[in-house]
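# What the coordinates show
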Amino acid sequence: MVNLPKKENHDSHHTLPPENVESSVIVEDLIATTNGASKSFKIIAIGLGIMSVLGIIALVLKWINYSDDSTRWGYVAALVSFLLSITGGAPMVAMGPVMAKANWVRPLTRLAAIFSFAGVSTIIVLIPLLFLLPPLVVDGTRRRSIWFEAPNYSPHIWGIIGMVLLLITGIALFYSAALPDFAVMRENSTGWRQKLGKKLARGWVGTDSQWRTLRMRIGMFGTFYFFVMVMVNFLYTTDFAQGVVPGYRDAIYTLYHTVSSWQGGVAALVIALWIVRRNMKLEKYIHLDAFWSLGRLLFALTLLWIYLFYSSFIVFWYGRSENDKATLDLLVRGPMIWAFLAGATFIWLVPWWILIWNRVRKSINGMAIGSCVIIIGLLLDRIRLFVSAWSVPQEFIHQKWLKQIPGTIYPDIFDVIIALGSISLSILMIMLMTKIIPVLSIWQIQEFNLLSKPIKFIKGHATLIAKPD
Amino acid sequence: MSISMIGLFQEATPAADAMDGLKNAGFELGSFDVLTGTPYPEGAFGEHVPQHRLFRFPAFGAIIGFTLSLFLTAATQLAYPLVTGGKPILSIFAMLIIMYELTMLSGVIATVIGIIFESRLPNLKMGAYDRRITEGWIGVVINLEDESRADDAEKVLNYAGAVEIKKA
């Protein structure tokens, strides 16, 4: 008896390619997303607004009460790092895959670029830290830092310049790609949105040379954004973490922080996409393919976390010098071991075993769950790194290595409200931007439809994609 | 009096035919263009692709930066001739860092200026336009010095299958 292969329905385990949508329908649907706001949107926005105000009040009150004790500001420093990672990391998706000419990324670039605006929240929370960070010369002696012979307040000045530059470059990246959509708003919106579109479109009509220079601008600002982002990560990790701990030197730390920032940014983008797709009814524009592709990226970045952590860890582990041991005591096995174990579990171990399954990466809800776990892990990881660094009293700043490991620091009520407030402000800014300009780039979705066609391929289905550039 | 005329097409092929028609009718290259709501692959309409000059900006910026940095590093070291570690006064390896950074900085600033210049924005004189272009229609626009050849242009656009022709 011959065993014949079991006949399966081919479509049961393959996803059908997305159908093309008429350009006029795209314009109508996406312009409609900016008009008006649902009751639940208004309630959430008001709630986030109140939380943002409370967060700023808590920041001021904390400053009034604890401006003389830097050890109590570790959670605020961790929060800046967390916000920098999310709001700085997400826009990378708006340029990285675009430069690699990935078709799936076209519907996502606008949402990724909008994250830049939330950088305002990061800058607000950074302000008190600039006043708490010790100058380069403390008690007449220059402390160990990357700033040899530099002016006394170089870390403070370059820290804030870097953050503001990242915000400006992010907004420039957003605006350079949004010009054609402002022209669409000029022609199709009503009221103040139409006036805004007219003002910001700068006479855009869509000539061949305008499209060519648009591509150049996206490429140029995307490249600048990448450079500035790495620079800001370098400045923040060296000056606001390594610089405040005696004997803490780690060449991999900046790269570790930057790459985990991309990981957090991609995870935040997946969650934002999940919410937008569901609440704005944009299923025909945000396809499974986008989640699937982001899933591969997120999985790779999750594996990179352990690679970079281990590369850094092994140097201290084998080094065994007094400052190596002190660094491990402070950051890994000491008072913040709970944050290390929980952070590693949520940023690497759990998402690794969630995202390893193709079935999960290929599911919209599975990707959203995996991303939520990563965001929690990222917050815990930043707490481990920055709370422990800032827990070192400034009197120890001239020690060759840390001779006395501080105890565990837990957040106070101000820290909790500041965290909720600043995260609320970030979300609020993104939400408000979705009411100013379509959350998905109209011209890029039209381009997506222009260059890709669903076709029947032998017995299956496929998407035929043109790559003319 | 100069006029701007636009022919509106629902499909790409007749728009490309209109571009060919205008070329064959002897209209000057650069006086007509195609307007789209989404970027079509370059040359899809057989349009004239003007040579951009963006590459000149970073090149000139970098040359200026390099020259300045050479002057800065050489002049300051010659003005304050301090021998450090037995090295020559004009120590090339120490100068290279400043020279590299100033060259890059000038190149980047010049690129930003160049991209703003090459974008030709704001476009204060929009000319003939139609909102349906944002909805996927294609516009073939021609700018004429006077009305003498307006009828010829209109004939070409009509022959190619323009759904509507507008003047501004």
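Residues numbered from 1 in each chain as written. Chains lettered and ligands numbered in written order. Predicted model: local features only at pLDDT ≥ 70, side-chain atom pairs only at ≥ 80, totals over all residues. Heavy atoms only, no water.

### Describing the sheet that holds strand β1 (residues 3-9) of chain B
Residues and elements named next belong to chain B. Read from one edge to the other, the open sheet built from 4 strands follows the order β2-β3-β1-β4, with strand pairing classed as antiparallel. If you trace the sheet from one side to the other, it starts and ends with β2 (32-35) and β4 (164-167), each paired once. Each neighbouring strand pair of the sheet contributes to a mean axis angle of 20 degrees, computed without reference to strand direction. Where β1 lies against β4, 4 bridges are found, and the strand directions are antiparallel. The residue of β4 that forms the bridge with Ile6 is Lys166. (Pairing = 2+ DSSP bridges. Helix = DSSP H or I, 4+ residues; strand = E, 2+ residues; numbered from the N terminus. Axes fitted to C-alpha atoms, helices over the stretch in contact; angles between N-to-C directions.)

### A few points about a nonpolar patch on the surface
Residue and element names in this part refer to chain A. Residues Ile46, Ile50, Val53, Leu54, Ile56, Ile57, Val60, Leu61, Trp63, Ile64, Ile127 and Phe131 make up a contiguous nonpolar surface patch of about 1,100 Å² in total accessible area. Counting only elements with at least two residues in the nonpolar patch, the list comes to α2 (39-66) and α6 (119-132). No other element matches α2, which puts 10 residues into the nonpolar patch. Note that Ile64 resides in helix α2. (Patch = residues over 30% accessible without salt bridge, like charges linked within 9 Å, V, L, I, M, F, W, Y side chains within 5 Å. Areas by Shrake-Rupley, 256 points an atom, 1.4 Å probe, with all protein chains shown as cover. Salt bridge = Lys/Arg side-chain N within 4 Å of Asp/Glu carboxyl O.)

### What to know about the domain arrangement of chain B
Examined at the domain level, chain B breaks down into domain 1 (3-38 + 136-167) and domain 2 (56-119). For domain 1 of chain B versus domain 2 of chain B, the distance between C-alpha centres works out to 49 Å. (Domains from an automatic or database assignment.)

### Section: the nonpolar core
Counting 136 residues, the largest nonpolar core has Leu129, Tyr236, Phe240, Leu294, Phe386 and Trp390 of chain A as its most contacted members. Among residues more than four places away in sequence, those in contact with Phe240 of chain A are Leu126, Leu129, Leu130, Leu133, Pro155, Leu235, Phe386 and Trp390 of chain A. Listed in part, the 23 residues of the second largest apolar core include Ile3, Leu22, Ile142 and Ala162 of chain B. (Core = buried A, V, L, I, M, F, W, Y, C linked by side-chain atoms within 4.5 Å. Buried < 20%, exposed > 50% of the residue type's maximum accessible area, 1.4 Å probe, protein only. Contact = heavy atoms within 4.5 Å.)

### Quick word on the pattern of salt bridges
Residue and element names in this part refer to chain A. Counted under the stated rule, the structure contains 18 salt bridges over all chains. For Asp381, the salt bridge identified is with Arg384, shortest N-O distance 3.3 Å. Taken as a pair, Asp381 and Arg384 lie in helix α15 (residues 364-390) at a separation of 3 residues, close to a single helical turn. Owing to a relative accessible area of 1%, Asp381 belongs among the buried residues under this scheme. What emerges from the salt-bridge pattern is a single network uniting Lys62, Arg72, Asp412 and Asp415.

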